[in-house]
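Here's the letter readout for the chains.
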Amino acid sequence: MFILKSEIEFDSAHFLSGYEGKCANIHGHRYRLIVKIKGDKLKTSGNDRAMVEDFSFIKSTLKEIHDLFDHKIIIEDDEIGKDLINKLKTVPQEFKYELVQYRPTVEEMSRNIFFIIKGKGINIYEVELFETPTNSCIYREDD
Ligand SMILES: [Zn+2]
């Protein structure tokens, strides 16, 4: 089996709604995302001949994920999140945010990213998302 590996980093702020502890406050991370794409065979014709997947396609997909989250506040779509967004709209500066349907833990984010990549038709094997240099979550589907 072949496994391609690619990575990007992005900076985001988030907070955990309903959490007791310091992660309840808005804070930032430099997220490091490592993706692995698998293939048993190489493509046999066309531009991608002898490749599992064109790295330029992987890079453009990772750029979309970067742009989705980079320099934004990741906000869960719940009562607190909606309230925060309404308050952000009252200040005379635009704050960029990404509204998500989950609590933005590294687990949920890595699963979300896995399915965004899979949705592009890429044979994603594994997503590893580092929230700090020493803490990460790996998301895979069951083998
Ligand atoms: Zn955090």
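Here the structure is a predicted model, which means the values were calculated and not measured. (Residues numbered from 1 in each chain as written. Predicted model: local features only at pLDDT ≥ 70, side-chain atom pairs only at ≥ 80, totals over all residues. Heavy atoms only, no water.)

**Considerations on the sheet that holds strand S2 (residues 27–39)**
Taken in spatial order, the 6 strands of this open sheet run S4-S3-S1-S2-S5-S6, and their pairing is mixed. Of all the strands in the sheet, the pair left with one neighbour each is strand S4 (97–100) and strand S6 (135–139). Sheet twist, expressed as the average angle between the axes of neighbouring strands with direction ignored, equals 35°. When strand S5 (residues 124–132) meets S6, the two strands line up antiparallel, connected through 5 bridges. Bridge pairing links phenylalanine 130 to serine 136 in S6. Along the sheet face, helix H2 (residues 79–88) touches strand S3 (72–76) and S4 and points at about 140° away from the line of S3. Across the sheet, helix H3 (residues 106–118) touches strand S1 (2–14), S2, S3, S5 and S6, and the angle it forms with S5 is around 145°. (Pairing = 2+ DSSP bridges. Helix = DSSP H or I, 4+ residues; strand = E, 2+ residues; numbered from the N terminus. Axes fitted to C-alpha atoms, helices over the stretch in contact; angles between N-to-C directions. Contact = heavy atoms within 4.5 Å.)

**Concerning the coordination of the zinc ion**
At the metal site, the zinc ion is ligated by His14 (NE2), His27 (NE2) and His29 (NE2), and these contacts range over 2.0 Å. Mapped onto the polypeptide sequence, the residues donating to the zinc ion form the spacing pattern H-x12-H-x1-H. Placement of the pair is histidine 14 in strand S1 and histidine 27 in strand S2, with a sequence separation of 13 residues. Owing to a relative accessible area of 2%, histidine 14 belongs among the buried residues under this scheme. By relative accessible area, histidine 27 is classed as partly exposed at 21%. (Donors = N, O, S within 2.8 Å, 3.2 Å for Na, K, Ca; no water. Buried < 20%, exposed > 50% of the residue type's maximum accessible area, 1.4 Å probe, protein only.)

**Thoughts on the UniProt feature "binding site: Zn(2+)" (unreviewed entry) in the protein**
As annotated by UniProt and renumbered to match this structure, "binding site: Zn(2+)" (unreviewed entry) occupies His14, His27 and His29. Spanning 16 residues, the named residues nonetheless gather at one spot, since no C-alpha pair among them exceeds 8.2 Å. Apart from residues lying up to four places away in sequence, histidine 14 is in contact with Asn25, Ile26, His27, His29, Tyr31, Ile74, Pro104 and Glu131. At 3.2 Å, the side chain of histidine 14 forms a polar contact with the side chain of histidine 29. Those residues in contact with histidine 27, other than ones at most four positions away along the chain, are Ser12, Ala13, His14, Phe15 and Lys22. A distance of 2.8 Å separates a polar side-chain atom of histidine 27 from the backbone oxygen of asparagine 25. (UniProt positions renumbered as here; feature names shortened; annotations may be inferred. Polar contact = N/O pair within 3.5 Å; in protein donor to acceptor, adjacent residues only side chain to side chain.)

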